[in-house]
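Analysis of the macromolecular model
In case you want the letters, here they are:
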Amino acid sequence: METSELKLQLKKQIIEFLNLTDLKPEDIKDDEELFGGGLGLDSIDSLELIVLLSREYGITIKDPKEGRKVLVDVNTMADYIQQHRTK
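Described below are features of the structure shown in this document. (Residues numbered from 1 in each chain as written. Predicted model: local features only at pLDDT ≥ 70, side-chain atom pairs only at ≥ 80, totals over all residues. Heavy atoms only, no water.)

Let us look at the overall build of the protein. The helix and strand inventory of the protein stands at four helices and zero strands. Taken from N to C terminus, the helices and strands of the protein fall in the order α-α-α-α. Radius of gyration (C-alpha) of the protein: 12 Å, near the 12 Å computed for a compact globule of 87 residues. Burial statistics for the protein: of 87 residues in total, 37% are counted as buried. Long-range contacts, defined as pairs at least 24 residues apart, comprise 57% of the intrachain contacts of the protein with a sequence gap of at least 6. Looking at charge distribution, the protein has the averaged site of its 12 positive side-chain charges lying 5 Å from that of its 18 negative ones. (Helix = DSSP H or I, 4+ residues; strand = E, 2+ residues; numbered from the N terminus. Rg over C-alpha atoms; globule rule 2.2 N^0.38 Å. Buried < 20%, exposed > 50% of the residue type's maximum accessible area, 1.4 Å probe, protein only. Contact = heavy atoms within 4.5 Å. Lys, Arg positive; Asp, Glu negative; His and termini not counted. Charge placed at Lys NZ, Arg CZ, Asp CG, Glu CD.)

Below you can see the structure in the form of structure tokens.
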């Protein structure tokens, strides 16, 4: 899968998994922070995203420090998935 396709898929999954029904994939910029200022996600959302990575891509994140490095923005998530995907 090309990076651009993966990023679009990730945006759709983020919207679906986090029930962000007021957003469309094009509303989320690839480099927009997911937590804090950007989308304003919280710690519960981070757990949901870790479940998403596990369920959809076979990626297990056990270390919270690693999770913070991976869940920065869509670009970072896509890069990590491409490097670590098992599904």
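Having seen it, we continue.
Turning to the pattern of salt bridges, a few remarks are in order. Counted according to the given criterion, the structure contains two salt bridges. Asp30 is the partner of Lys7 in a salt bridge, and the nearest nitrogen-oxygen pair spans 3.8 Å. With Lys7 in helix H1 (residues 3-17) and Asp30 in the loop between H1 and helix H2 (43-57), this residue pair connects regions lying 23 residues apart in the sequence. Among the residues examined, Lys7 registers a relative accessible area of 16% and is labelled buried. Across the pair Lys11 and Asp30 runs a salt bridge whose closest N-O atoms are separated by 2.7 Å. Residue Lys11 is found in helix H1, and its partner Asp30 is found in the loop between H1 and H2; the two are separated by 19 residues along the sequence. A residue is classified by how much of its surface remains accessible, and Lys11, at 11% relative accessible area, is buried. Here the salt bridges do not stand alone but share partners, grouping Lys7, Lys11 and Asp30 into one network. (Salt bridge = Lys/Arg side-chain N within 4 Å of Asp/Glu carboxyl O.)

A rise of 1.5 Å per residue sets the reference length of H1, with its 15 residues, at 21 Å; its end C-alpha atoms lie 20 Å apart and thus fit the reference within 8%. Within H1, the full set of buried residues consists of Leu6, Lys7, Leu10, Lys11, Gln13, Ile14, Ile15 and Phe17. Looking at the buried side of H1, the elements it contacts are H2 and helix H4 (74-84). Directly beyond the C-terminal end of H1, a positive phi value near 55° is found at Asn19. (Expected span 1.5 Å × (residues − 1).)

These figures come from the coordinates and say nothing about function on their own.
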